[in-house]
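The chain contents come next:
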Amino acid sequence: MNARVTAPPVTSAVTQSLAVEGMTCASCVLRVERALAAVPGVASATVNLATERAEVVSERPIARADLVAAVEALGYDVPAQAVDLAIEGMTCASCVGRVERALAAVPGVASVSVNLATERAHVTGTAEPLVLQQAVEALGYDARPVQAGAGGDAAAAARKEAEEALLRRDLTIAAALTLPVFALEMGSHLFVPVHHLIMDTIGMQASWVLQFVLTTLVLLGPGLRFYRKGYPALWRLAPDMNSLVAVGTTAAYAYSVVATFAPGLLPQGTVNVYFEAAAVIVTLILLGRFLEARAKGRTSQAISRLVGLQPRMARVHRGGGVVEVPIAEVRAGDLFDLAPGARVPVDGVVTEGESWLDESMITGEPAPVAKAAGARVTGGTVNQTGALTCRATAVGEATMLAQIIRMVEAAQAGKLPIQGLVDRITLWFVPVVMAVAALTFAVWLAFGPEPALTFGLVNAVAVLIIACPCAMGLATPTSIMVGTGRGAELGVLFRKGEALQALQSVRVVALDKTGTLTEGRPALTDLIPAEGFTRAGVLATVAAVEARSEHPIARAIVEAARAEGLDLPAVTGFASETGFGVRAEAGGVPVQIGADRYMVRLGVDVGRYAQAAERMGAESKSPLYVAIGGRLAGVLAVADPIKPTTPAAIRALHGLGLRVAMVTGDNTRTAQAIAGQLGIDAVVAEVLPGGKVAAIQELRAAHGAVAFVGDGINDAPALAEAEVGLAIGTGTDIAIEAAHVVLMSGRLTGVPDAIGLSRATMRNIRQNLFWAFVYNAALIPVAAGVLYPAFGILLSPVFAAGAMALSSVFVLGNALRLRRFAPAGAEGGMA
């Protein structure tokens, strides 16, 4: 449905697009169009009911908020849109805070999250991307919109490579120019023969002039980046790390220039040069930046590997033949061929052939999975030996791989609650550091020993350099990036980064039974043939009869016979005995299958199997008796079998010091039987979906924070209620959408893996924050000279620069240790 309200034509037009929710008919369309056309400056408004979008053309740029207000005044909704910006030029936590505040101030912005490690801003709301971009650029940073979920952004990868190459070049140049400066100045101080050599050859004044030339080349060449960004930020009263470096090195350089060319302006006894301090500081900080750039690249390798899993081409059936086309041209419904060793291009269903697929990139499971007609295949997985023909069911952004990439990126872009502490501190950190440096200079000048001016300058510069808050800004996001990336490799997807922090405080894990602890479908678990009968013969006969039934138990028996390749006899006269069992003739022989009461009615003695049947019942199995030709032929049992990984998962959870509870709608006897087998601590049985929510609330009141694990639609409320909801990836889409964490493999051992990874990541973050904060808090006073009166210890600006660079490299290196995280019981581990 389209309609149009038009104002007079315009010569230059600006077009904006809005999503509008809540429209139901043509009158809604007309109402919205009139409201938009009435906004001052709007030339025309076109609303499409089918796409639920409004296109607005205006004579001049109009605030998006005005258009949104006009629509919402009618009672319709304009949903918040997500905008991702790639931001260049951020170097520390104060940069992050400044960008966040600028973006949050843009009208229409609902939430902002800026990540220093990924150099991305994630903004939700109704603000235009161009306005957001301009807000960032007004601060002096470069910004450009990027597509959310574009983990394989080639331009971004190329930019990072170019940045690393530029840093390598500048570092090499700076080091080559700084080395002779350092040798001339520090060599003459540390080694008497070097001092005599300089005095006997070029002389001290020539040495200072040479240092001036070389240092000037360092500062105006490789070091110019600090001044281009640092001083403009200072003029805007928003100093950052670059400002600290710029002010500190400028002070040392300017003092040295005066000492070299106009020594008479300085008090007697204060004529010294600090060219080597300025040059070495720039070189060491460039070294830190270069190491950071390399380490940052490694933190995002998980996303890069996921993106690299998707092949570029696919062999698709077109026009009666098979042609190779780019992956972007594959459409849902296309048939595609899969050769041995090839990667699956898109999600699909096998139509022909048999093979084994390596699905470890999705599930974290190393064992290949058998595939035949009707089996699902996932894009990015690897075909092993056989050839397959498949029909595409999901392409592009709809594939499982694309969804995984979006989940991981969303988790990496998020901020944990602990990050709020960093944000509050760094808001004032740099201005406070500059004030401390100024105070240091004033105190030394007023109360310090001679030459007081020299002492004041050196210590003030040391304070400025040691306090750069790079490590603070990197402490949390790098650990999140590496931790969530490692989780993806293990088949544990954190849909929300906050789950990383919440999982560490969980005290009880509540588990659904069907499909979570168990396979979720009945299977034949026991068959004991009577004397004179064989297992295969009894199973074939029972399966032949049960093939006529639609009961889930009957299907389990038939599937077991097919799995063993048994030939089933012909069946006639099938009938169901309500409440007792079924009967028929198989191969001309009468067969009856049912409960013990059915056998009693038939006059068949089942006493010899009473103990076996009692054991089966205690194990939550359903025992059935079989009579063939009027004789007892055996007893069998059908049950929903416990997953092979479940016992190990329960043990691992207990090993983590957690209580384990089962919350299920099944009957109490069955639930208690399974709980007894597995060592589960508490059972809440026979509950409806709403009752599961109440059960979680009771567990929380009794024990503390709860994690709930489920897989069905009826688990969605409980998944949302728990502090952390973990969905089995083989379950329903609704359950997965309601969860905070998705276990892609369907194996329950993913739960302790997720909790262990959460604890390791949060421990890593705390280590990083401790280093970043305590390091700065401890060394700023040392740099200011508080140890000098008692111990005569001062911190040279050169060592301050080295320590500052070391702090960032330490934080990044510590975060990268998470890549070695191994699940409990696996080989290796994380140091």
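The shown structure was predicted, so the numbers you read here are calculated from the model rather than taken from an experiment.

Draft legend 1. Unusual backbone geometry, seen in detail. The residue after E450, namely P451, is reached through a cis peptide bond having omega -5 degrees. Checked against the element boundaries, P451 lands in the loop between helix 14 (419–447) and helix 15 (452–466).

Draft legend 2. Structural context of the sheet that holds strand 10 (residues 321–326). Strand order in the open sheet formed by six strands is 10-9-11-17-12-15, and the pairing between neighbours is antiparallel. The open sheet terminates on both sides in strands that have one partner only, identified here as strand 10 and strand 15 (376–377). With five bridges connecting them, strand 12 (residues 347–352) and strand 17 (residues 388–394) associate as antiparallel partners. If you follow E352 over to strand 17, its bridge partner there is T389.

Draft legend 3. Quick look at the side chain of D334. With respect to the element layout, D334 can be found in the loop between strand 10 and strand 11 (335–338). Its relative accessible area of 14% is what places D334 among the buried residues. At 2.7 Å, the side chain of D334 and the side chain of R318 are in polar contact. At 2.9 Å, the side chain of D334 forms a polar contact with the backbone nitrogen of R331. Leaving out residues up to four positions away in the same chain, D334 has contacts with V316, R318, E329, C390, R391 and A392.

Draft legend 4. Spotlight on the pattern of salt bridges. By the definition in use, this model includes 11 salt bridges. Between E723 and R700 there is a salt bridge whose closest N-O contact spans 2.7 Å. Taken as a pair, E723 in the loop between helix 26 (716–721) and strand 29 (724–728) and R700 in helix 25 (residues 689–703) lie far apart in primary sequence, 23 residues in all. By relative accessible area, which is 32% here, E723 ends up partly exposed. In this structure, a network of salt bridges that share partners links the residues R169, D170 and R225.

Draft legend 5. View of the UniProt feature "transmembrane region" (unreviewed entry) in the protein chain. Here, the residues flagged by UniProt with the feature "transmembrane region" (unreviewed entry) are residues 171–192, 204–224, 244–266, 272–291, 425–447, 453–476, 769–788 and 794–813. Taken as a whole, residues 204–224 contains 86% helix and 0% strand, while its terminal C-alpha atoms sit 28 Å from one another. For the annotated span residues 272–291, helix accounts for 85% and strand for 0% of the residues, and the straight-line distance between the end C-alpha atoms is 33 Å.

Draft legend 6. Helix 22 (residues 610–618), seen in detail. For helix 22, every residue scored as buried is listed here: A612, A613, M616 and G617. End-on view of helix 22: buried residues confined to an arc of 135 degrees, all on one side of the axis. Set apart from the buried face of helix 22 by more than 90 degrees, the exposed residues are Q611 and E614. For helix 22, the elements touching its buried residues are strand 20 (523–529), strand 24 (622–628), strand 25 (631–639) and helix 24 (668–678).

Draft legend 7. Representation of helix 19 (residues 535–546) in the model. Look at helix 19: 16 Å from first C-alpha to last across 12 residues, which is about the 16 Å you get at 1.5 Å a residue. Across the 12 residues that make up helix 19, a large majority, nine, are buried.

Draft legend 8. Representation of the sheet that holds strand 6 (residues 109–115) within the structure. One open sheet holds the four strands; their spatial order is 6-7-5-8, and the pairing between them is antiparallel. Among the strands making up the open sheet, the edge pair consists of strand 6 and strand 8 (142–146). Here the strands of the sheet are splayed against their neighbours by 25 degrees on average, with no regard to which way each runs. Sheet topology note: the strand 5 (residues 81–88)/strand 7 (residues 120–125) ladder contains six bridges and is antiparallel. In the strand pairing of strand 7, A86 is matched with R120. Relative to strand 6, helix 3 (residues 93–104) is tilted by about 165 degrees, and along the sheet it contacts strand 5, strand 6 and strand 7. In the packing of helix 4 (residues 129–137) onto the sheet, the strands contacted are strand 5, strand 6, strand 7 and strand 8, and the crossing angle to strand 5 comes to about 30 degrees.

The rules we used
- Residues numbered from 1 in each chain as written.
- Predicted model: local features only at pLDDT ≥ 70, side-chain atom pairs only at ≥ 80, totals over all residues.
- Heavy atoms only, no water.
- Helix = DSSP H or I, 4+ residues; strand = E, 2+ residues; numbered from the N terminus.
- Pairing = 2+ DSSP bridges.
- Buried < 20%, exposed > 50% of the residue type's maximum accessible area, 1.4 Å probe, protein only.
- Polar contact = N/O pair within 3.5 Å; in protein donor to acceptor, adjacent residues only side chain to side chain.
- Contact = heavy atoms within 4.5 Å.
- Salt bridge = Lys/Arg side-chain N within 4 Å of Asp/Glu carboxyl O.
- UniProt positions renumbered as here; feature names shortened; annotations may be inferred.
- Arc of directions from axis to C-beta.
- Expected span 1.5 Å × (residues − 1).
- Axes fitted to C-alpha atoms, helices over the stretch in contact; angles between N-to-C directions.

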